[in-house]
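Listed below are the residues making up each chain.
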Amino acid sequence: MPNTIRPLVAGNWKMHGLAHSLSELALIAQGSEQHKHCIDTLICPPATLLAAASNQSAGTCLAIGAQDCSSEPYGAYTGDISAAMVADSGARAVIVGHSERRQGRSETDADVLRKSQRVLEAGLQAIICIGETESEMLEGRTESVLLRQLKDSIPANGPCSSLVIAYEPVWAIGTGRTPTIEAIAGLHGFIRGYLVSAFGRDGAAVRILYGGSVKVDNAAEIACVDHVNGALVGGASLKSEDFLGILKAFGSIH
Ligand code: PEP
């Protein structure tokens, strides 16, 4: 299927960003304007900047999202942030199941599912990350790992309109390595096949982002791949110039 789905280019700032970084965000908002007719743009700053970033970006085409949230709706969970709190800050999306949480914080598919449910209940978009580790890839288990993550991390009742899947091979994150274009095409097609089998027509419209060392130099090539409906960008989202270059690459295709 050709890329008829409106792409989303999302930035994950991880544990980077202080109050002064809001000026970089303003540049991203400004630069995104020229692509707003064809691309949705999202930046996920650290939780400490969510409210300020949302306020600053109100009225622009840049949406703000969180990088994680609690799997509980509220309660005695010191230090955690609920999906409702994220919504209250003005943010519109939450990344769940990033590999730095699946691997680094031992989050299971069941945890990711519960977080996704909280995100959807709060009226936010859930960007659900999936991806195989290097050893899983080398053992030829990529598809079975992705299938398990898809089946066990996505809420059965959707709604699909609030779901985004980010395919991020763990070994490609922050390494400068990417799968071949053929491999990205094959795996995005595989993910689309699952979404259609699970959700029918609605599954055909869910955005599937590619993430893992997306840079200005490789963005155009990746943007052309069938069933790549945007990108989740880590390191290259920190500087407006780099991030806007990636937006431009997606804009030139769509
Ligand atoms: C990420 O952490 O989601 C990511 C894709 O990082 P990077 O672009 O730096 O590889």
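Preceding this section is the structure that the text describes.
Rules behind the numbers
Residues numbered from 1 in each chain as written. Predicted model: local features only at pLDDT ≥ 70, side-chain atom pairs only at ≥ 80, totals over all residues. Heavy atoms only, no water. Near = heavy atom within 4 Å. Polar contact = N/O pair within 3.5 Å; in protein donor to acceptor, adjacent residues only side chain to side chain. Areas by Shrake-Rupley, 256 points an atom, 1.4 Å probe, with all protein chains shown as cover. Nonpolar A, V, L, I, M, F, W, Y, C, P; charged D, E, K, R; others polar. Axes fitted to C-alpha atoms, helices over the stretch in contact; angles between N-to-C directions. Helix = DSSP H or I, 4+ residues; strand = E, 2+ residues; numbered from the N terminus. Left-handed = near helix turned anticlockwise from the far one by under 90°. Contact = heavy atoms within 4.5 Å. Parallel < 35°, antiparallel > 145°, perpendicular 65-115°, else oblique. Pairing = 2+ DSSP bridges. Buried < 20%, exposed > 50% of the residue type's maximum accessible area, 1.4 Å probe, protein only.

Participant: Requested: an account of the site of the ligand, with residues and values cited.
Facilitator: Taken together, the neighbourhood of the ligand is formed by 14 residues, with Lys14, Glu168, Gly174, Ser213 and Gly234 sitting nearest. With respect to the ligand, the backbone of Ser213 contributes an N or O atom lying 2.8 Å from an oxygen atom. In the model, an oxygen atom of the ligand is placed 2.9 Å from a nitrogen or oxygen of the Gly235 main chain. Protein chains bury 98% of the 290 Å² of accessible surface belonging to the ligand in isolation. Split by residue class, the shell around the ligand holds four nonpolar, eight polar and two charged.

Participant: Quick one: what's the story with the packing of helix α1 (residues 22–32) against helix α2 (residues 50–57), residue by residue and with numbers?
Facilitator: Put simply, α1 and α2 touch, their axes get as near as 10 Å, and they point 35° apart. Seen along the crossing, α1 lies across α2 with a hand that is right-handed. Of the residues in α2, those in contact with Leu22, Leu25 and Ala26 of α1 are Ala52, Ala53, Gln56 and Ser57. Its residues assigned to classes, the contact of α1 with α2 comprises five nonpolar, two polar and no charged.

Participant: I'd love a proper account of the packing of helix α10 (residues 216–223) against helix α11 (residues 240–253), names of residues and values included.
Facilitator: Relative to each other, α10 and α11 sit at 25°, their axes nearing to 8 Å. With respect to α11, the axis of α10 lies roughly parallel. In the packing of α10 onto α11, the handedness of the crossing is right-handed. Counting all contacts with α10, which are made through Val216, Ala219, Ala220 and Ala223, the residues of α11 involved are Asp242, Gly245, Ile246, Ala249, Phe250 and Ile253. Here the contact of α10 with α11 is built from residues that sort into eight nonpolar, one polar and one charged.

Participant: I'd like to hear about the sheet that holds strand β2 (residues 40–44), residue by residue, with values.
Facilitator: If you walk around this closed barrel you meet the eight strands as β1-β2-β3-β4-β5-β6-β7-β8, and the pairing is parallel. Strand-to-strand twist in this sheet, taken as the mean axis angle between neighbours without regard to direction, amounts to 25°. Here four bridges tie strand β6 (residues 163–167) to strand β7 (residues 207–211), and the two strands are oriented parallel to one another. Residue Ala166 lies in a different strand from β7, and its bridge partner there is Leu209.

Participant: Break down the environment of Thr4 for me, with residues and values.
Facilitator: Mapped onto the fold, Thr4 is located in the segment before β1 (8–12). Classification of Thr4 by relative accessible area gives exposed; the value is 63%. As a C-alpha pair, Thr4 and His254 span 250 residues in sequence and 7.9 Å in three-dimensional space.

Participant: Tell me about the side chain of Ser99, and name the residues and values.
Facilitator: Structurally, the position occupied by Ser99 is in helix α4 (residues 99–102). Classification of Ser99 by relative accessible area gives buried; the value is 10%. Those residues within four positions of Ser99 in sequence are excluded, and the remaining contacts are Gly104, Val170 and Ile173.

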